[in-house]
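Architecture and fold: a report
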Amino acid sequence: MAPIAIELNTFVDTVLTLITCYAGSRNIIFSSFTPEICILLAIKQKAYPIFFITNAGKPPVVDKEERAGSVQVAVRFATKWGLAGVVFASDVIVMCPRLVSYVKNKGLVCATYGPLNNTPESVEVS
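Residues numbered from 1 in each chain as written. Predicted model: local features only at pLDDT ≥ 70, side-chain atom pairs only at ≥ 80, totals over all residues. Heavy atoms only, no water.

Comments concerning the sheet that holds strand β2 (residues 50-54)
The strand order β1-β2-β3-β4 describes an open sheet built from 4 strands, whose pairing is parallel. Either end of the sheet is taken by a strand with one partner, and the two such strands are β1 (30-32) and β4 (109-113). Pairwise comparison of adjacent strand axes, ignoring direction, gives a mean angle of 25 degrees for this sheet. The sheet contacts of helix α2 (residues 35-44) involve β1 and β2, and relative to β2 the element is tilted by about 175 degrees. (Pairing = 2+ DSSP bridges. Helix = DSSP H or I, 4+ residues; strand = E, 2+ residues; numbered from the N terminus. Axes fitted to C-alpha atoms, helices over the stretch in contact; angles between N-to-C directions. Contact = heavy atoms within 4.5 Å.)

If you want it as structure tokens, here you go:
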């Protein structure tokens, strides 16, 4: 097993141990830009929802990660691993609000991150 895989596994185990010890009745969600982290969380626990964060659809395309390379692939990845949803850069959803229904029709939650989340007119687009 590659050293990086062992480190990711140890990282996820540590996070899950701490969450188990200290979360109590808090509402918790997990999210990550790293597909392997999402996969490990999906395999190791079912108690908390997991969201895959992606820059898919946001120019310039610099992400070399295939699972984050396009909106469709990111949604397919999230569906395949039983994730709760996908988090996109808010610019992407503002540019193409129909993506929200595309994601929801796949049974996923569609969320956003980024500065446009702070602009009321952008939030109202979707």
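Next comes the rest of the write-up.
Re the confidence of the model for the chain
For residues with low pLDDT, the predicted coordinates do not support detailed interpretation. Residues at a pLDDT of 70 or more form 87% of the chain, whose mean pLDDT is 88. The lowest-confidence element of the chain is helix α6 (residues 120-123), averaging 80 in pLDDT; the highest-confidence one is β1, averaging 97. (pLDDT = per-residue confidence, 0-100.)

Regarding the pairing of β2
The side chains of a regular strand alternate, residue by residue, between the two faces of the sheet. With 5 of 5 residues buried, β2 is to be regarded as a mostly interior element. Residues Ile50, Phe52 and Thr54 of β2 are buried on one face, and the alternating residues Phe51 and Ile53, pointing to the opposite face, are buried as well. Note that β1 and β2 share 3 bridges and pair parallel. Bridge pairing in β2 links Phe30 to Ile50. Tracing the backbone out of β1, into α2 and back to the parallel element β2 gives a crossover that is right-handed. (Buried < 20%, exposed > 50% of the residue type's maximum accessible area, 1.4 Å probe, protein only. Right-handed = clockwise from strand over helix to strand, strands pointing away.)

Concerning the packing of helix α3 (residues 71-80) against helix α5 (residues 98-105)
To characterise two packed helices, one gives the angle between the axes of the helices and the distance between these axes. Where α3 meets α5, the closest approach of the two axes is 10 Å, and the angle between their N-to-C directions is 25 degrees. Considered as vectors, α3 and α5 are oriented roughly parallel to each other. Seen from above, α3 lies across α5 with right-handed handedness. Along its contact with α3, which presents Val71, Gln72 and Val75, the element α5 presents Leu99, Tyr102 and Val103. (Parallel < 35°, antiparallel > 145°, perpendicular 65-115°, else oblique. Left-handed = near helix turned anticlockwise from the far one by under 90°.)

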